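Summary of structural features
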Amino acid sequence: MRSTIICCLSSSLMQISKLWIKPLQFLAIVALGLLAIVFISAPAPTQPPVTLKLLMTAPDVPPWTKFMVKQFEAEHPNIRLQIVEGPNQVNLLEDMYTTAFLLGDSPYDLVNMDVIWISKFAAAGWLMDLTDEVTEAELAAFSPADVEGSKYAGRLYRLPVRSDAGMLYYRKDLLDAAGFDPPQTFEDIERISQALQAQKAVRWGYLWQGKQYEGAAAMFVEVLKGFGGFWVNPDTLEVGLDRPEALQAVEFLKGTIAQGISPPGVTTYVEEDTRRIFQNGEAAFMRNWPYAWPLMNAENSPVRGKIEIMPMVRSQSGQASGSCLGGWGLGIAKTSKHQQEALEAIRFITSPAIQKQFILEAGYVPSRRELFTNADVVARYDHYPELLKVVDTAVLRPPIAQYAQASDILQRYLSAALTNQQSPEAAMQGAAGETRRLLEAGRAKRA
Ligand code: GLC
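Notes on the structure follow. (Residues numbered from 1 in each chain as written. Predicted model: local features only at pLDDT ≥ 70, side-chain atom pairs only at ≥ 80, totals over all residues. Heavy atoms only, no water.)

Description of the site of the ligand
The ligand sits among 13 residues. The nearest are Asp114, Asp164, Glu271, Trp328 and Arg397. In this structure, an oxygen atom belonging to the ligand sits 2.5 Å away from a side-chain N or O atom of Asp114. When isolated, the ligand has an accessible area of 310 Å², and the protein chains bury 94% of it. Looking at side-chain class alone, the shell around the ligand contains five nonpolar, three polar and five charged residues. (Near = heavy atom within 4 Å. Polar contact = N/O pair within 3.5 Å; in protein donor to acceptor, adjacent residues only side chain to side chain. Areas by Shrake-Rupley, 256 points an atom, 1.4 Å probe, with all protein chains shown as cover. Nonpolar A, V, L, I, M, F, W, Y, C, P; charged D, E, K, R; others polar.)

Side note on the environment of Ala165
Summarising the element assignment, Ala165 is placed in strand S6 (residues 159–165). On the basis of relative accessibility, which here comes to 0%, the residue Ala165 falls in the buried class. For Ala165 and Ala394, which are 229 residues apart along the polypeptide, the C-alpha to C-alpha distance reads 6.8 Å. Ignoring sequence-local partners within four residues, the contact set of Ala165 consists of Asn288, Trp289, Pro290, Ser323, Cys324, Gly326, Val365, Val390 and Val391. (Helix = DSSP H or I, 4+ residues; strand = E, 2+ residues; numbered from the N terminus. Buried < 20%, exposed > 50% of the residue type's maximum accessible area, 1.4 Å probe, protein only. Contact = heavy atoms within 4.5 Å.)

Looking at the packing of helix H11 (residues 244–258) against helix H19 (residues 424–446)
With their axes 10 Å apart at the nearest point, H11 and H19 run at an angle of 130 degrees to one another. Taken together, the axis directions place H11 and H19 in an arrangement best described as oblique. Remark: the crossing between H11 and H19 carries right-handed chirality. When H11 is examined against H19, the residues Leu247, Val250, Glu251 and Lys254 are found in contact with a partner set consisting of Pro424, Glu425 and Met428. (Axes fitted to C-alpha atoms, helices over the stretch in contact; angles between N-to-C directions. Parallel < 35°, antiparallel > 145°, perpendicular 65-115°, else oblique. Left-handed = near helix turned anticlockwise from the far one by under 90°.)

Points about the pattern of salt bridges
It is possible for side chains bearing opposite charge to pair when their charged atoms get close. If you walk through the whole model with that rule in mind, you get 24 salt bridges. In this structure, Arg275 and Glu272 form a salt bridge, with 2.8 Å as the shortest nitrogen-oxygen distance. In this pair, Arg275 and Glu272 are both assigned in helix H12 (residues 271–279), three residues apart and thus about one turn of the helix distant. On the basis of relative accessibility, which here comes to 12%, the residue Arg275 falls in the buried class. (Salt bridge = Lys/Arg side-chain N within 4 Å of Asp/Glu carboxyl O.)

No statement about biological role is implied by the geometric values presented.
Here it is in C-alpha coordinates:
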(Lines give C-alpha, C1' and ligand atoms only; values in the text may rest on other atoms or scores of the structure.)
Protein backbone atom coordinates (compact mmCIF):
# COMPACT_ATOMS: atom_id res chain seq x y z
CA MET A 1 0.00 0.00 0.00
CA ARG A 2 2.80 2.36 1.04
CA SER A 3 4.71 1.80 -2.28
CA THR A 4 1.59 2.43 -4.40
CA ILE A 5 0.94 5.66 -2.54
CA ILE A 6 4.58 6.81 -2.95
CA CYS A 7 4.50 5.93 -6.65
CA CYS A 8 1.22 7.85 -7.27
CA LEU A 9 2.46 10.77 -5.24
CA SER A 10 5.77 11.14 -7.07
CA SER A 11 4.08 11.03 -10.49
CA SER A 12 1.59 13.71 -9.44
CA LEU A 13 4.45 15.81 -8.05
CA MET A 14 6.22 15.66 -11.35
CA GLN A 15 3.14 16.82 -13.17
CA ILE A 16 2.58 19.63 -10.69
CA SER A 17 6.22 20.79 -11.02
CA LYS A 18 5.68 20.97 -14.78
CA LEU A 19 3.05 23.65 -14.16
CA TRP A 20 5.75 26.06 -12.85
CA ILE A 21 4.00 26.67 -9.53
CA LYS A 22 5.85 28.77 -6.96
CA PRO A 23 8.52 26.92 -4.92
CA LEU A 24 6.72 27.58 -1.58
CA GLN A 25 3.48 26.11 -2.84
CA PHE A 26 5.46 23.18 -4.17
CA LEU A 27 7.01 22.54 -0.73
CA ALA A 28 3.60 22.72 0.98
CA ILE A 29 2.20 20.15 -1.39
CA VAL A 30 5.14 17.82 -0.71
CA ALA A 31 4.64 18.18 3.08
CA LEU A 32 0.92 17.40 2.75
CA GLY A 33 1.72 14.36 0.69
CA LEU A 34 4.16 13.06 3.29
CA LEU A 35 1.58 13.61 6.03
CA ALA A 36 -0.93 11.60 4.04
CA ILE A 37 1.56 8.74 3.83
CA VAL A 38 2.01 8.78 7.61
CA PHE A 39 -1.76 8.79 8.24
CA ILE A 40 -2.75 6.20 5.73
CA SER A 41 -0.03 3.75 6.71
CA ALA A 42 -0.55 4.21 10.50
CA PRO A 43 -2.38 1.27 12.19
CA ALA A 44 -6.19 1.75 12.53
CA PRO A 45 -7.11 3.20 15.96
CA THR A 46 -8.03 0.36 18.40
CA GLN A 47 -11.74 -0.11 19.24
CA PRO A 48 -12.79 1.29 22.64
CA PRO A 49 -13.79 -1.56 24.99
CA VAL A 50 -17.43 -2.64 25.06
CA THR A 51 -19.16 -1.96 28.39
CA LEU A 52 -21.66 -4.54 29.67
CA LYS A 53 -24.06 -3.20 32.29
CA LEU A 54 -25.91 -5.21 34.88
CA LEU A 55 -28.03 -4.36 37.89
CA MET A 56 -28.07 -6.13 41.26
CA THR A 57 -29.17 -5.59 44.87
CA ALA A 58 -26.69 -3.65 46.99
CA PRO A 59 -25.75 -6.53 49.35
CA ASP A 60 -24.90 -8.69 46.30
CA VAL A 61 -22.29 -6.31 44.90
CA PRO A 62 -19.15 -6.86 47.10
CA PRO A 63 -18.27 -10.43 46.01
CA TRP A 64 -18.56 -9.32 42.37
CA THR A 65 -16.36 -6.26 42.67
CA LYS A 66 -13.89 -7.94 45.03
CA PHE A 67 -12.46 -10.27 42.40
CA MET A 68 -14.83 -11.40 39.66
CA VAL A 69 -15.05 -8.12 37.72
CA LYS A 70 -11.30 -7.46 38.04
CA GLN A 71 -10.37 -10.95 36.89
CA PHE A 72 -12.82 -10.88 33.99
CA GLU A 73 -11.59 -7.51 32.75
CA ALA A 74 -7.93 -8.57 33.07
CA GLU A 75 -8.64 -11.59 30.86
CA HIS A 76 -10.95 -9.69 28.48
CA PRO A 77 -9.32 -6.31 27.82
CA ASN A 78 -11.98 -5.55 25.17
CA ILE A 79 -14.91 -5.84 27.64
CA ARG A 80 -15.77 -3.84 30.80
CA LEU A 81 -18.32 -5.05 33.35
CA GLN A 82 -20.26 -2.22 34.93
CA ILE A 83 -22.23 -3.23 38.02
CA VAL A 84 -25.11 -0.90 38.86
CA GLU A 85 -26.02 -1.07 42.54
CA GLY A 86 -29.78 -1.32 43.02
CA PRO A 87 -32.07 -1.36 46.09
CA ASN A 88 -32.00 -4.18 48.68
CA GLN A 89 -35.50 -5.47 47.96
CA VAL A 90 -35.63 -7.86 45.05
CA ASN A 91 -39.10 -6.77 43.90
CA LEU A 92 -37.84 -3.18 43.55
CA LEU A 93 -34.98 -4.52 41.47
CA GLU A 94 -37.46 -6.41 39.32
CA ASP A 95 -39.44 -3.19 38.86
CA MET A 96 -36.29 -1.41 37.66
CA TYR A 97 -35.54 -4.10 35.07
CA THR A 98 -39.21 -4.20 34.02
CA THR A 99 -39.40 -0.42 33.53
CA ALA A 100 -36.17 -0.49 31.52
CA PHE A 101 -37.51 -3.24 29.25
CA LEU A 102 -40.90 -1.57 28.82
CA LEU A 103 -39.25 1.66 27.76
CA GLY A 104 -37.59 -0.11 24.83
CA ASP A 105 -33.82 -0.35 24.54
CA SER A 106 -32.74 -1.70 27.92
CA PRO A 107 -29.59 -0.07 29.31
CA TYR A 108 -28.68 -3.47 30.75
CA ASP A 109 -26.95 -6.08 28.59
CA LEU A 110 -26.74 -8.79 31.21
CA VAL A 111 -29.88 -9.51 33.21
CA ASN A 112 -29.17 -10.67 36.74
CA MET A 113 -32.34 -12.64 37.49
CA ASP A 114 -34.02 -14.09 40.53
CA VAL A 115 -35.39 -17.59 39.88
CA ILE A 116 -38.96 -16.24 40.09
CA TRP A 117 -38.60 -13.73 37.23
CA ILE A 118 -37.82 -16.06 34.33
CA SER A 119 -41.37 -16.91 33.27
CA LYS A 120 -42.43 -13.27 33.21
CA PHE A 121 -39.32 -11.89 31.47
CA ALA A 122 -39.19 -14.72 28.93
CA ALA A 123 -42.94 -14.61 28.20
CA ALA A 124 -42.66 -10.87 27.58
CA GLY A 125 -39.90 -11.52 25.00
CA TRP A 126 -37.24 -9.50 26.84
CA LEU A 127 -34.58 -12.21 26.94
CA MET A 128 -32.28 -13.85 24.39
CA ASP A 129 -32.92 -17.59 24.00
CA LEU A 130 -29.77 -19.35 25.24
CA THR A 131 -30.88 -22.93 24.50
CA ASP A 132 -28.50 -23.45 21.59
CA GLU A 133 -25.55 -21.82 23.34
CA VAL A 134 -25.20 -24.48 26.06
CA THR A 135 -25.01 -28.25 25.72
CA GLU A 136 -27.00 -30.69 27.85
CA ALA A 137 -23.68 -31.97 29.27
CA GLU A 138 -22.73 -28.45 30.38
CA LEU A 139 -26.12 -27.99 32.05
CA ALA A 140 -25.86 -31.35 33.83
CA ALA A 141 -23.15 -29.89 36.12
CA PHE A 142 -25.76 -27.56 37.71
CA SER A 143 -28.54 -28.39 40.19
CA PRO A 144 -31.63 -29.58 38.28
CA ALA A 145 -33.87 -27.16 40.21
CA ASP A 146 -31.70 -24.19 39.21
CA VAL A 147 -31.72 -25.29 35.57
CA GLU A 148 -35.46 -25.91 35.61
CA GLY A 149 -35.94 -22.46 37.16
CA SER A 150 -33.93 -20.98 34.26
CA LYS A 151 -36.31 -22.30 31.60
CA TYR A 152 -39.60 -21.11 30.19
CA ALA A 153 -41.72 -23.20 27.80
CA GLY A 154 -38.84 -25.64 27.47
CA ARG A 155 -36.27 -23.01 26.38
CA LEU A 156 -33.28 -21.80 28.41
CA TYR A 157 -33.05 -18.09 29.27
CA ARG A 158 -30.56 -17.96 32.13
CA LEU A 159 -27.44 -19.70 33.40
CA PRO A 160 -27.43 -20.27 37.16
CA VAL A 161 -24.82 -18.29 39.10
CA ARG A 162 -25.86 -19.24 42.61
CA SER A 163 -28.66 -21.14 44.25
CA ASP A 164 -30.40 -20.24 47.48
CA ALA A 165 -32.51 -21.91 50.14
CA GLY A 166 -34.18 -20.47 53.24
CA MET A 167 -32.56 -21.79 56.42
CA LEU A 168 -32.97 -21.65 60.17
CA TYR A 169 -30.11 -20.14 62.16
CA TYR A 170 -29.86 -20.74 65.89
CA ARG A 171 -27.63 -19.89 68.82
CA LYS A 172 -26.02 -23.23 69.56
CA ASP A 173 -24.17 -21.86 72.58
CA LEU A 174 -27.39 -20.77 74.28
CA LEU A 175 -29.36 -23.91 73.40
CA ASP A 176 -26.52 -26.12 74.67
CA ALA A 177 -26.18 -24.15 77.91
CA ALA A 178 -29.92 -24.45 78.57
CA GLY A 179 -30.00 -28.15 77.65
CA PHE A 180 -32.11 -27.85 74.48
CA ASP A 181 -31.71 -29.92 71.32
CA PRO A 182 -32.07 -28.08 68.00
CA PRO A 183 -35.78 -27.45 67.23
CA GLN A 184 -37.70 -29.85 65.00
CA THR A 185 -40.99 -27.97 64.82
CA PHE A 186 -42.42 -24.44 64.94
CA GLU A 187 -43.75 -25.28 68.39
CA ASP A 188 -40.15 -26.06 69.51
CA ILE A 189 -39.05 -22.63 68.30
CA GLU A 190 -41.79 -21.00 70.44
CA ARG A 191 -41.02 -23.11 73.50
CA ILE A 192 -37.23 -22.69 73.42
CA SER A 193 -37.53 -18.98 72.63
CA GLN A 194 -39.77 -18.34 75.61
CA ALA A 195 -37.46 -20.27 77.94
CA LEU A 196 -34.36 -18.38 76.75
CA GLN A 197 -36.22 -15.07 76.95
CA ALA A 198 -37.35 -15.88 80.51
CA GLN A 199 -33.73 -16.57 81.45
CA LYS A 200 -32.83 -13.21 79.88
CA ALA A 201 -30.31 -15.03 77.65
CA VAL A 202 -31.80 -13.15 74.66
CA ARG A 203 -34.22 -10.32 74.14
CA TRP A 204 -36.03 -11.92 71.20
CA GLY A 205 -36.81 -15.49 70.25
CA TYR A 206 -37.41 -15.66 66.50
CA LEU A 207 -36.64 -13.23 63.66
CA TRP A 208 -38.17 -13.47 60.21
CA GLN A 209 -38.90 -11.24 57.20
CA GLY A 210 -42.39 -9.72 57.59
CA LYS A 211 -42.27 -6.57 55.47
CA GLN A 212 -44.68 -6.38 52.55
CA TYR A 213 -42.19 -7.51 49.84
CA GLU A 214 -40.95 -10.58 48.00
CA GLY A 215 -38.89 -11.81 50.95
CA ALA A 216 -42.08 -12.26 52.99
CA ALA A 217 -43.59 -14.41 50.24
CA ALA A 218 -40.45 -16.61 50.29
CA MET A 219 -40.59 -16.84 54.09
CA PHE A 220 -44.31 -17.65 53.99
CA VAL A 221 -44.04 -20.60 51.56
CA GLU A 222 -41.75 -22.27 54.09
CA VAL A 223 -44.21 -21.94 56.96
CA LEU A 224 -47.03 -22.92 54.61
CA LYS A 225 -45.17 -26.08 53.58
CA GLY A 226 -44.32 -26.79 57.21
CA PHE A 227 -48.06 -26.87 57.95
CA GLY A 228 -48.70 -29.05 54.90
CA GLY A 229 -50.27 -26.31 52.75
CA PHE A 230 -49.59 -24.86 49.29
CA TRP A 231 -49.91 -21.55 47.45
CA VAL A 232 -50.69 -22.28 43.77
CA ASN A 233 -50.37 -25.66 42.11
CA PRO A 234 -48.58 -24.74 38.83
CA ASP A 235 -50.09 -27.70 36.94
CA THR A 236 -53.75 -27.32 37.90
CA LEU A 237 -53.64 -23.62 38.95
CA GLU A 238 -55.52 -24.60 42.09
CA VAL A 239 -55.10 -21.99 44.88
CA GLY A 240 -54.54 -23.14 48.48
CA LEU A 241 -54.37 -19.82 50.33
CA ASP A 242 -57.77 -20.09 52.05
CA ARG A 243 -57.31 -23.67 53.25
CA PRO A 244 -56.94 -24.44 56.97
CA GLU A 245 -53.17 -25.08 56.60
CA ALA A 246 -52.63 -21.57 55.22
CA LEU A 247 -54.63 -20.09 58.10
CA GLN A 248 -52.53 -22.04 60.59
CA ALA A 249 -49.38 -20.68 58.97
CA VAL A 250 -50.62 -17.09 59.35
CA GLU A 251 -51.75 -17.75 62.94
CA PHE A 252 -48.30 -19.12 63.81
CA LEU A 253 -46.55 -15.99 62.50
CA LYS A 254 -49.03 -13.66 64.21
CA GLY A 255 -48.65 -15.69 67.40
CA THR A 256 -44.89 -15.10 67.52
CA ILE A 257 -45.54 -11.34 67.61
CA ALA A 258 -48.47 -11.58 70.06
CA GLN A 259 -46.37 -13.66 72.48
CA GLY A 260 -43.40 -11.29 72.27
CA ILE A 261 -41.24 -14.01 70.69
CA SER A 262 -40.74 -11.84 67.63
CA PRO A 263 -40.35 -8.05 67.90
CA PRO A 264 -43.40 -5.99 66.79
CA GLY A 265 -41.11 -4.42 64.16
CA VAL A 266 -40.72 -7.80 62.44
CA THR A 267 -43.56 -6.78 60.10
CA THR A 268 -41.18 -4.18 58.63
CA TYR A 269 -38.04 -6.34 58.46
CA VAL A 270 -36.17 -7.47 55.34
CA GLU A 271 -33.26 -9.94 55.41
CA GLU A 272 -30.62 -7.42 56.45
CA ASP A 273 -32.68 -6.12 59.42
CA THR A 274 -33.01 -9.63 60.82
CA ARG A 275 -29.33 -10.36 60.22
CA ARG A 276 -28.17 -7.25 62.10
CA ILE A 277 -30.27 -8.02 65.18
CA PHE A 278 -29.28 -11.68 65.23
CA GLN A 279 -25.63 -10.85 64.63
CA ASN A 280 -25.80 -8.43 67.54
CA GLY A 281 -26.63 -11.37 69.77
CA GLU A 282 -30.19 -10.26 70.48
CA ALA A 283 -32.14 -13.32 69.28
CA ALA A 284 -32.15 -17.12 69.58
CA PHE A 285 -33.46 -18.03 66.09
CA MET A 286 -33.57 -16.45 62.67
CA ARG A 287 -34.93 -17.43 59.27
CA ASN A 288 -32.57 -16.24 56.54
CA TRP A 289 -30.63 -17.26 53.40
CA PRO A 290 -27.13 -18.74 53.63
CA TYR A 291 -25.45 -15.45 52.55
CA ALA A 292 -25.66 -14.42 56.22
CA TRP A 293 -23.38 -17.23 57.45
CA PRO A 294 -19.94 -15.77 56.52
CA LEU A 295 -21.03 -12.31 57.71
CA MET A 296 -22.07 -13.64 61.10
CA ASN A 297 -18.84 -15.59 61.43
CA ALA A 298 -16.66 -12.64 60.43
CA GLU A 299 -13.89 -11.66 62.86
CA ASN A 300 -15.75 -8.74 64.44
CA SER A 301 -19.11 -10.52 64.74
CA PRO A 302 -20.41 -10.93 68.31
CA VAL A 303 -21.94 -14.33 67.43
CA ARG A 304 -18.90 -15.73 65.60
CA GLY A 305 -18.57 -19.47 66.33
CA LYS A 306 -21.77 -19.48 68.43
CA ILE A 307 -24.31 -20.26 65.75
CA GLU A 308 -25.54 -23.21 63.69
CA ILE A 309 -27.57 -23.41 60.49
CA MET A 310 -30.19 -26.09 59.73
CA PRO A 311 -33.08 -26.79 57.36
CA MET A 312 -36.34 -25.01 58.13
CA VAL A 313 -38.52 -26.85 60.67
CA ARG A 314 -42.07 -28.18 60.18
CA SER A 315 -45.18 -28.03 62.31
CA GLN A 316 -46.11 -30.87 64.64
CA SER A 317 -48.88 -31.80 62.23
CA GLY A 318 -46.94 -31.09 59.00
CA GLN A 319 -45.10 -33.82 57.12
CA ALA A 320 -41.85 -32.34 55.84
CA SER A 321 -39.83 -29.22 56.31
CA GLY A 322 -39.82 -26.79 53.43
CA SER A 323 -36.99 -24.45 52.59
CA CYS A 324 -37.86 -22.00 49.85
CA LEU A 325 -35.76 -22.28 46.71
CA GLY A 326 -34.23 -18.97 45.68
CA GLY A 327 -31.29 -18.22 43.51
CA TRP A 328 -29.83 -16.01 40.85
CA GLY A 329 -28.51 -16.37 37.33
CA LEU A 330 -27.55 -14.39 34.25
CA GLY A 331 -29.48 -13.90 31.05
CA ILE A 332 -28.97 -11.51 28.13
CA ALA A 333 -31.28 -8.67 27.14
CA LYS A 334 -32.74 -9.21 23.68
CA THR A 335 -32.06 -5.57 22.85
CA SER A 336 -28.40 -5.69 23.93
CA LYS A 337 -26.01 -4.60 21.19
CA HIS A 338 -23.28 -6.73 22.75
CA GLN A 339 -24.78 -10.20 22.94
CA GLN A 340 -21.56 -12.03 22.01
CA GLU A 341 -19.58 -10.21 24.68
CA ALA A 342 -22.39 -10.83 27.19
CA LEU A 343 -22.22 -14.52 26.37
CA GLU A 344 -18.47 -14.48 26.97
CA ALA A 345 -19.07 -12.88 30.37
CA ILE A 346 -21.68 -15.48 31.32
CA ARG A 347 -19.39 -18.33 30.31
CA PHE A 348 -16.58 -16.87 32.41
CA ILE A 349 -18.74 -16.20 35.51
CA THR A 350 -20.36 -19.64 35.48
CA SER A 351 -17.09 -21.51 34.81
CA PRO A 352 -16.01 -24.05 37.46
CA ALA A 353 -12.94 -22.14 38.67
CA ILE A 354 -14.65 -18.75 39.01
CA GLN A 355 -17.73 -20.30 40.62
CA LYS A 356 -15.56 -21.95 43.25
CA GLN A 357 -13.84 -18.68 44.11
CA PHE A 358 -17.21 -16.87 44.16
CA ILE A 359 -18.78 -19.40 46.53
CA LEU A 360 -15.72 -19.41 48.83
CA GLU A 361 -15.72 -15.63 48.91
CA ALA A 362 -19.45 -15.07 49.52
CA GLY A 363 -20.72 -18.22 51.24
CA TYR A 364 -23.55 -18.47 48.72
CA VAL A 365 -25.29 -21.73 47.90
CA PRO A 366 -23.56 -23.17 44.81
CA SER A 367 -25.38 -23.96 41.58
CA ARG A 368 -22.60 -26.27 40.42
CA ARG A 369 -23.20 -29.50 42.31
CA GLU A 370 -19.53 -30.47 42.59
CA LEU A 371 -18.95 -27.47 44.88
CA PHE A 372 -21.21 -28.74 47.70
CA THR A 373 -18.69 -31.48 48.45
CA ASN A 374 -15.51 -29.88 47.11
CA ALA A 375 -12.73 -30.28 49.73
CA ASP A 376 -11.76 -26.57 49.82
CA VAL A 377 -15.38 -25.45 50.07
CA VAL A 378 -16.23 -27.94 52.84
CA ALA A 379 -13.06 -26.95 54.73
CA ARG A 380 -14.44 -23.39 54.88
CA TYR A 381 -18.18 -24.22 55.17
CA ASP A 382 -18.77 -27.62 56.73
CA HIS A 383 -22.59 -27.32 56.42
CA TYR A 384 -22.47 -27.48 52.60
CA PRO A 385 -23.03 -31.25 52.12
CA GLU A 386 -26.18 -30.80 54.27
CA LEU A 387 -27.17 -27.79 52.17
CA LEU A 388 -27.23 -29.96 49.06
CA LYS A 389 -30.05 -32.04 50.57
CA VAL A 390 -31.93 -28.87 51.45
CA VAL A 391 -31.65 -27.49 47.91
CA ASP A 392 -32.80 -30.79 46.42
CA THR A 393 -35.99 -30.79 48.50
CA ALA A 394 -36.64 -27.04 48.46
CA VAL A 395 -40.10 -25.60 47.74
CA LEU A 396 -40.56 -23.58 44.59
CA ARG A 397 -42.59 -20.42 44.55
CA PRO A 398 -45.19 -21.11 41.81
CA PRO A 399 -43.42 -21.02 38.41
CA ILE A 400 -46.24 -19.23 36.58
CA ALA A 401 -46.01 -16.28 34.16
CA GLN A 402 -48.20 -14.13 36.48
CA TYR A 403 -45.94 -14.84 39.46
CA ALA A 404 -45.14 -11.16 40.12
CA GLN A 405 -48.86 -10.29 40.43
CA ALA A 406 -49.65 -13.42 42.45
CA SER A 407 -46.85 -12.60 44.85
CA ASP A 408 -48.00 -9.00 45.13
CA ILE A 409 -51.49 -10.21 46.09
CA LEU A 410 -50.11 -12.54 48.76
CA GLN A 411 -47.75 -9.88 50.11
CA ARG A 412 -50.59 -7.34 50.51
CA TYR A 413 -53.04 -9.66 52.28
CA LEU A 414 -50.38 -11.34 54.41
CA SER A 415 -49.16 -7.96 55.57
CA ALA A 416 -52.76 -6.88 56.33
CA ALA A 417 -53.18 -9.98 58.53
CA LEU A 418 -49.82 -9.62 60.27
CA THR A 419 -50.41 -5.95 61.09
CA ASN A 420 -53.98 -6.61 62.35
CA GLN A 421 -55.69 -4.64 59.59
CA GLN A 422 -57.66 -7.75 58.65
CA SER A 423 -58.44 -11.02 60.41
CA PRO A 424 -56.37 -13.96 59.11
CA GLU A 425 -59.57 -15.54 57.69
CA ALA A 426 -60.68 -12.43 55.81
CA ALA A 427 -57.14 -11.76 54.56
CA MET A 428 -56.55 -15.26 53.27
CA GLN A 429 -59.98 -15.44 51.64
CA GLY A 430 -59.23 -12.14 49.97
CA ALA A 431 -55.80 -13.37 48.83
CA ALA A 432 -57.22 -16.65 47.49
CA GLY A 433 -60.11 -14.92 45.66
CA GLU A 434 -57.90 -12.32 44.01
CA THR A 435 -55.34 -14.97 43.00
CA ARG A 436 -58.08 -17.12 41.43
CA ARG A 437 -59.37 -14.14 39.44
CA LEU A 438 -55.82 -13.39 38.24
CA LEU A 439 -55.28 -16.96 37.08
CA GLU A 440 -58.73 -17.12 35.48
CA ALA A 441 -58.02 -13.94 33.52
CA GLY A 442 -54.72 -15.48 32.37
CA ARG A 443 -56.51 -18.65 31.29
CA ALA A 444 -59.16 -16.69 29.40
CA LYS A 445 -56.46 -14.66 27.64
CA ARG A 446 -54.67 -17.80 26.49
CA ALA A 447 -57.89 -19.50 25.32
C1 GLC B 1 -32.96 -14.09 47.99
C2 GLC B 1 -33.36 -15.26 47.09
C3 GLC B 1 -34.40 -14.82 46.10
C4 GLC B 1 -35.59 -14.23 46.85
C5 GLC B 1 -35.13 -13.07 47.72
C6 GLC B 1 -36.28 -12.54 48.56
O7 GLC B 1 -32.27 -13.15 47.24
O8 GLC B 1 -32.25 -15.77 46.40
O9 GLC B 1 -34.82 -15.93 45.32
O10 GLC B 1 -36.60 -13.81 45.97
O11 GLC B 1 -34.09 -13.47 48.58
O12 GLC B 1 -35.91 -11.44 49.31
